[in-house]
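For reference, the chains in residue letters:
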Amino acid sequence: MTVPILNASGCLDALTAPEVALELDAFVTKTITPQPREGNPPVRIAETESGMLNSIGLQGPGIEGLLAQTLPALAALGLRVWVSVGGFSSEDYAGICERLDERDDVEVLELNLSCPNVEEAPETAAQIVAGCRSRTSKPLYAKLSPATWDIAESARAVVAAGADGLSLVNTMRGMALDPATLRPKLGPGTGGYSGPALRPVALACVSACARAVDVPIVGMGGVASGLDALELVAVGAGVVSLGTVLFADPAAPARVRKELDAEATARGFANPLQARGVANG
Amino acid sequence: MTGAELRVTGTEAVGPYTLLRVEAGPIEPGIPGQFFMLRPPGHVLPRPMSLCLSRAGELCFLIDAIGPGTQALCGLTAGDHLHVLGPLGNGFDLTVPRPLLVGGGIGVAPFPYLAQALRDVPAILGFSTAAHAEAAALLPGARVVVEPALVTSLLPADPGDVLACGPEPMLEAVRSLAPRAQLAWEAPMACGYGACFGCVVELDGHLQRLCIAGPVLRAA
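Parameters at a glance
Residues numbered from 1 in each chain as written. Chains lettered and ligands numbered in written order. Predicted model: local features only at pLDDT ≥ 70, side-chain atom pairs only at ≥ 80, totals over all residues. Helix = DSSP H or I, 4+ residues; strand = E, 2+ residues; numbered from the N terminus. Buried ≥ 20, exposed ≤ 12 C-beta atoms within 10 Å, placed from the backbone. Pairing = 2+ DSSP bridges. Axes fitted to C-alpha atoms, helices over the stretch in contact; angles between N-to-C directions. Contact = placed C-beta atoms within 7 Å. Nonpolar A, V, L, I, M, F, W, Y, C, P; charged D, E, K, R; others polar. Core = buried A, V, L, I, M, F, W, Y, C linked by C-beta atoms within 7 Å.

Here we take up the overall build of chain B. A count of helical and extended segments in chain B gives four helices and 15 strands. Across the 220 residues in chain B, those meeting the buried criterion constitute 51%.

Okay, the sheet that holds strand 11 (residues 161-165) of chain B next. Residues and elements named next belong to chain B. One open sheet accounts for six strands, arranged 10-9-8-11-12-15; its pairing is mixed. Bordering the open sheet on either side are strand 10 (143-146) and strand 15 (216-218), each of which pairs with just one other strand. With direction set aside, neighbouring strand axes in the sheet form an average angle of 20°. Here strand 11 runs beside strand 12 (residues 182-184); their pairing, made up of three bridges, is parallel. For Leu 163, the partnering residue across the bridge sits in strand 12 and is Gln 182. The strands touched by helix 2 (residues 111-118) are strand 8 (99-104), strand 9 (123-127) and strand 11; relative to strand 8, the strand with the most contacts, the crossing angle is about 170°.

This next bit is on the interface of chain A and chain B. Contact with chain A, which involves 25 residues of that partner, is made by 23 residues of chain B. Broken down by secondary-structure element, the contributors of at least two residues to the side of chain A that touches chain B are strand 3 (45-48), strand 4 (51-54) and helix 8 (244-248) of chain A. Residue contributions to the side of chain A that touches chain B peak at four residues, all from helix 8 of chain A. Its residues placed into classes, the side of chain A that touches chain B shows 14 nonpolar, seven polar and four charged.

Bringing the nonpolar core into the picture now. Residue and element names in this part refer to chain A. In terms of nonpolar packing, the biggest core is built from 165 residues, with Leu 111, Ala 142, Val 206 and Cys 209 touching the most fellow members. A total of seven residues in this core trace back to one element, the largest contributor, which is helix 6 (residues 199-212). Once you skip the residues sitting within four places of it in the chain, Cys 209 turns out to touch Ile 151, Ala 152, Ala 155, Leu 166, Leu 168 and Ile 217.

All right, on to helix 2 of chain B then. All names here are of chain B. Phe 111, Pro 112, Tyr 113, Leu 114 and Ala 115 are the residues of helix 2 that are buried. Next to the buried residues of helix 2 lie strand 5 (53-55), strand 8, strand 9 and strand 11. Just past helix 2, the residue Arg 119 takes up positive phi, approximately 60°.

Right, here's the structure in full:
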């Protein structure tokens, strides 16, 4: 038993880089919405001192494009597929879940309840999960924002509503200015902050949720090395996702997996999963 | 798409720009106009650069130090290591009958390697200052203008097959005068291989990833 390694949604296109996706234990799609979306106007990315900002805005083909083109292409590559589901109302999410319910080529539905770059649905995360739960029997993972007072409370609510697992964490809303003009670097003004700066936040969130609920947790946020991944396992994650690091290092999946095994061994664990939760006491 | 840690062999000042030289290792030089992602030390994201020169066992990148990332790249010294990924994207179509290179500022970067492939190709280069124009030495024989003169002032009425690289206003001006031109664009880019969707530009009415669709695009 080892720790599966996935990509964070929106951080890899398996169709343009299949060799990268094939190094993962499963591929997570970009968030899919009911209708096709052009996404946000450029500029969409900016580097900061300890991370990066993105404001892509859920560019994608919509559920019909996913069903007709993307999923068959992913299946042809032999990938295990998780679909990230988004929307602007509870019914948007639930409708997509229903369409995907009978697709054998989809393993897990991850509900993106926390995109910082588009308007949020008016319903609570738990209401959205409950709406999806009634329309699919597939495993539902709730992806939560770290920008909340009490993420453990959010975790308890979505699990009570029927979530089978948690994906922790999404990016946090941030801003960067052009030093010359003192105007926002990103076209939409703000974006999702990710990379090394997010890692301590992710550790705290995963730890809090692992203590609060007893469901599988996919940990992500600033992981760049095997030790980073092992630390997320130590606070309770059983699966680790790679995000920003994939942009700089497409070879990261195999490298992080190898480093993770070595870091676990160096600390006397027979495999990385044996370290799960040790930080939580 | 190959990635490798390459050994820096040195840097040279070219006017206000820096020519960064690295051992090629397993990285192929690719087609002129393709690009590479160079990872500046201490930075989260790599930076896209076209190849300026391919010498025996060496790759050279011409870099304008416009921000912290490019400054870090220009600060590398012989013996340092640099992660390079590439070649990426679509380069110039070299099978054109009457090529003419048109470059502006740091847009001269891909031309020396392009001229290696095309041999004796005419070129027009424009720069903002005489100091920047020192980079024209990388392309012997090129006609050079310095602002306020613009490269378009030297474009012949029938420019042939223009291959252009430079700032957006220059590319737009070239596009209007030479509809058959191949234009090399740039955009902020996190990954260079289609993962981040950060580098989109409007093409055929839709936002498309420049790293996949380009960076070299047909004018019309």
